[in-house]
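# Examining the three-dimensional arrangement
One letter stands for each residue in the lines below.
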Amino acid sequence: MAEPANIDAVIQRFPIGDHISAPIRNYLNPNQRTGLMADLGAGVLGFVDSEHLRHKDWLPVGEVVQFEVLRHDLYESVYDKPHRCQPRLWPLDRRWRNPQAAHWGFDNEQWASIKARYALGATVTGTVSNIARSNRWYTVRFDDVWARVTWLGTPPAIGTTSHYTVSRLLDSTHRIILTAEGTTPP
């Protein structure tokens, strides 16, 4: 797994919303069907939650599958310092996905409206409403929309209002990804 100094490198290598191909390495807790691990290379494993998978037919070990990066989970060591970063993955091929698995973002009608209002590169003014330290993102609310921003270093404080750029519109999961003005997306 990633060393502490490499957490930012993993986040930068596998940004939220990227589509990646990876082979299935193994099942995590196969008897309880917790999820499966995909080998992303260089000692990084991605996790696919069992709730996102068909309960009957799981992806075969060794199968190369395309995923979207949902988020990054940081795991703490016994010394309360992050020591591992694990990308969470969403299978893009509907054959492998649980038909009951909901989008991670907005419903179809909301998503169509968001895409019509906010083009790639658009600037919005939003307020930080939540910080997820264990995932290295914060939530920004603007108009009637919320979006996630990945942070490296130190996140802004809740209540901070700033300008953001629409950097991604993720059709597979109906999410809008923002980049803080003056920063480079991870």
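Note that this is a predicted model, so its numbers are computed, not measured.

### Focus on the nonpolar core
Phe67 and Leu89 are the most contacted members of the largest nonpolar core, which has 22 residues in total. Of all the secondary structure elements, the ones that give two or more residues to this core are α1 (7-13), β1 (19-28), β2 (35-41), β3 (44-49), β4 (64-76) and β5 (82-91). When residues of this core are assigned to their parent elements, the largest contribution, 4 residues, is made by β4. Contact partners of phenylalanine 67, with chain neighbours within four places excluded, come to Asp18, His19, Ile20, Ala22, Ile24, Ala38, Val48, Leu89, Trp90, Pro91 and Leu92.

### Some points on the confidence of the model for the protein
When pLDDT is low, close inspection of the predicted coordinates is not appropriate. Counting all residues, the mean pLDDT for the protein is 86, and 87% of those residues have values of 70 or more. Across the protein, element-level confidence peaks in strand β6 (residues 123-132) with a mean pLDDT of 96 and bottoms out in β5 with 83.

### Section: the side chain of arginine 175
Here arginine 175 shows up in strand β10 (residues 175-180). Owing to a relative accessible area of 4%, arginine 175 belongs among the buried residues under this scheme. A distance of 2.9 Å separates a polar atom in the side chain of arginine 175 from the backbone oxygen of leucine 70. Setting aside residues up to four positions removed in sequence, arginine 175 forms contacts with Ile16, Gly17, Glu68, Val69, Leu70, Trp104, Gly105, Trp111, Arg168, Leu169 and Leu170.

### Side note on the pattern of salt bridges
According to the stated counting rule, one finds 9 salt bridges in the structure shown. Here aspartate 171 makes a salt bridge to lysine 115, at a shortest N to O gap of 2.8 Å. Taken together, the residues span a long stretch of sequence, with aspartate 171 in the loop between β9 (161-170) and β10 and lysine 115 in helix α2 (residues 108-117) at a distance of 56 residues. Because the salt bridges share partners, they merge into one network encompassing Asp49, Arg71, Asp73 and Arg88.

### Comments concerning the packing of aromatic side chains
Under the criterion given, the structure shown has 3 aromatic pairs. Ring plane angle 35° and centroid distance 5.0 Å describe the contact between phenylalanine 106 and tryptophan 146, whose orientation is recorded as tilted. Of the two residues, phenylalanine 106 sits in the loop between β5 and α2 while tryptophan 146 sits in strand β8 (residues 145-150), which places them 40 residues apart along the sequence. Ring geometry for tyrosine 118 versus phenylalanine 142: centroids 5.3 Å apart, planes at 85°, classification edge-to-face. Placement of tyrosine 118 in the loop between α2 and β6 and of phenylalanine 142 in strand β7 (residues 137-142) is noted, with a sequence separation of 24 residues between them. There is no split in this pair, since tyrosine 118 and phenylalanine 142 are both buried. Just above the ring of tryptophan 151 sits the side chain of arginine 136; from NZ or CZ to the centre is 5.3 Å. If you follow arginine 148 out to its NZ or CZ, it ends over the ring of tryptophan 137, 3.7 Å from the centre.

What counts and how
Residues numbered from 1 in each chain as written. Predicted model: local features only at pLDDT ≥ 70, side-chain atom pairs only at ≥ 80, totals over all residues. Heavy atoms only, no water. Core = buried A, V, L, I, M, F, W, Y, C linked by side-chain atoms within 4.5 Å. Buried < 20%, exposed > 50% of the residue type's maximum accessible area, 1.4 Å probe, protein only. Helix = DSSP H or I, 4+ residues; strand = E, 2+ residues; numbered from the N terminus. Contact = heavy atoms within 4.5 Å. pLDDT = per-residue confidence, 0-100. Polar contact = N/O pair within 3.5 Å; in protein donor to acceptor, adjacent residues only side chain to side chain. Salt bridge = Lys/Arg side-chain N within 4 Å of Asp/Glu carboxyl O. Phe/Tyr/Trp six-rings, centres within 6.5 Å; stacked < 30°, edge-to-face > 60°. Lys NZ or Arg CZ within 6 Å of the ring centre and 35° of its normal.

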